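Breakdown of the fold
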Amino acid sequence: MAKENRKKRQLKKKLLHKYRLVILNEDTFEERISFKLTRLNVFVLVGFSAILLIVLTTFLIAFTSLREYIPGYSSTALKQKAIDLNEKIDSLEQISRRDSVYLHSIRNVLTGEIKSESINKDSLFKSFEIDLDATDLVPNKEDSLLREEVAQEDKYNLLETATSKVKFKLFPPVKGQITQKYNPKEKHFAVDVAVLKDTPVKATADGTVIFSEWTAETGYVIIIEHSNNLISVYKHNASLTKQQGDLVTAGEVIATAGNTGELTTGPHLHFELWSEGYSIDPASFIDFKL
């Protein structure tokens with residue numbers, strides 16, 4: 001016990017023993033600066049300096065732009081760019097999923113895979129259920145003046161409105177007699193053009209084939225997507241010469257006319273035009289006469 005106490009006193013004496021640190025002029029041996037130190041003071045000063053150095057280094061790395069020069073740390077601008085790109089990718093994925101569902105629904109409707117009994121007519125066909133007898137369709141004075149002005153501007157160009165958006169003319173897919181006209185009230189969103197079997201069917205405009213398959217009701221069907229959300233549909237073909245994903249030009253042969261499918265009564269082309277999800281009368285834009 002006495003030995004341990006003696007060691008503790010010796011250790012305390014060593015830690016508290018005073019030393020003098022003197023800085024002299026080497027030429028004149030003049031004392032310039034002197035410090036009174038103990039071992040304990042040196043240990044405390046060194047420890048405090050190390051802790052201060054660690055704290056300052058951590059602060060510089062965490063809260064200043066100097067960390068960008070340290071390997072393994074990315075710049076703030078790079079992180080922000082990554083965040084922006086991630087948000088854009090997320091938005092594009094949502095748009096892609098929405099467009100995929102939209103195109104799938106259009107394909108099902110155009111190919112006849114969706115039956116009329118399964119369609120919610122209250123929402124999809126509400127426009128066709130309007131009671132025209134109960135609706136006031138008499139134009140007012142301003143409406144009449146506007147119609148007259150538009151009629152004068154469009155007098156020599158029936159496709160002025162379409163060409164301002166579509167920027168191209170529609171090529172007749174076939175030439176022949178129209179046996180059944182466009183009639184949305186009877187759910188006939190197309191024109192049926194009677195032609196000879198194996199008559200070449202041509203693309204009405206430049207575009208991309210988005211559907212090219214056989215269906216039980218309408219036989220061989222090919223659907224082309226054009227610019228400005230215009231879609232053309234060709235049904236009851238005898239054969240198809242283009243596949244899904246092919247690029248076609250206006251007037252290019254895409255199929256041969258026939259009499260395939262359950263809903264047909266003879267060789268003809270069932271031709272539809274859809275613009276931004278709405279059906280339009282092809283005869284208003286294309287001359288099918290021989």
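Shown above is the structure to which this text applies.
Our subject in this report is the structure included herewith. (Residues numbered from 1 in each chain as written. Predicted model: local features only at pLDDT ≥ 70, side-chain atom pairs only at ≥ 80, totals over all residues. Heavy atoms only, no water.)

What to know about the nonpolar core
Core analysis: the largest hydrophobic core is formed by 32 residues, its most contacted members being V201, Y234, I254 and F271. Contact partners of I254, with chain neighbours within four places excluded, come to V201, K202, A203, I222, I224, Y234, L240, T241, K242 and V248. (Core = buried A, V, L, I, M, F, W, Y, C linked by side-chain atoms within 4.5 Å. Buried < 20%, exposed > 50% of the residue type's maximum accessible area, 1.4 Å probe, protein only. Contact = heavy atoms within 4.5 Å.)

Some points on the pairing of strand β10 (residues 253–257)
Counting buried positions along β10 yields four of five residues, so the element is predominantly enclosed. Taken together, the three bridges between strand β5 (residues 200–202) and β10 define a ladder with antiparallel strand orientation. Each bridged residue has a counterpart across the sheet, and for K202 the counterpart in β10 is V253. Of the strand pairs in this sheet, strand β8 (residues 230–240) and β10 are connected by three bridges, and their pairing is antiparallel. The partner of N237 across the bridge, within β10, is A257. (Helix = DSSP H or I, 4+ residues; strand = E, 2+ residues; numbered from the N terminus. Pairing = 2+ DSSP bridges.)

Some details on the pattern of salt bridges
Counting across every chain of the model gives three salt bridges. Measuring nitrogen to oxygen at the nearest pair gives 3.3 Å for the salt bridge that ties K235 to E272. Of this pair, K235 sits in strand β8 while E272 sits in strand β11 (residues 268–275); the two residues are 37 residues apart in sequence, bridging distant segments of the chain. By the burial criterion, K235 is buried, and E272 matches it. (Salt bridge = Lys/Arg side-chain N within 4 Å of Asp/Glu carboxyl O.)

Thoughts on helix α1 (residues 2–16)
Residues spaced three or four apart along an α-helix point in a common direction, a consequence of the helix completing one turn every 3.6 residues. The end-to-end C-alpha distance of α1, which contains 15 residues, comes to 21 Å, matching closely the 21 Å that a straight helix rising 1.5 Å per residue would cover. Burial of α1 is sparse: only zero of the 15 residues sit out of reach of the surface. (Expected span 1.5 Å × (residues − 1).)

What to know about the packing of aromatic side chains
Under the definition given, this model contains four aromatic pairs. Plain terms: the ring middles of F189 and W274 are 5.8 Å apart, the flat faces sit at 50° to each other, and that makes the pair tilted. Of this pair, F189 sits in the loop between β3 (177–180) and β4 (191–194) while W274 sits in strand β11, placing them 85 residues apart in sequence. Assigned by exposure class, F189 and W274 land together as buried. Here Y234 and F271 contribute two aromatic rings whose centre-to-centre distance is 5.2 Å and whose plane-to-plane angle is 55°, an arrangement assigned as tilted. Here the residue Y234 occupies a position in strand β8, and F271 occupies one in strand β11, the gap between them amounting to 37 residues. The burial state of Y234 is the same as that of F271; both residues are buried. Following the ring pairs from residue to residue traces out a cluster consisting of Y234, F271 and F288. (Phe/Tyr/Trp six-rings, centres within 6.5 Å; stacked < 30°, edge-to-face > 60°.)

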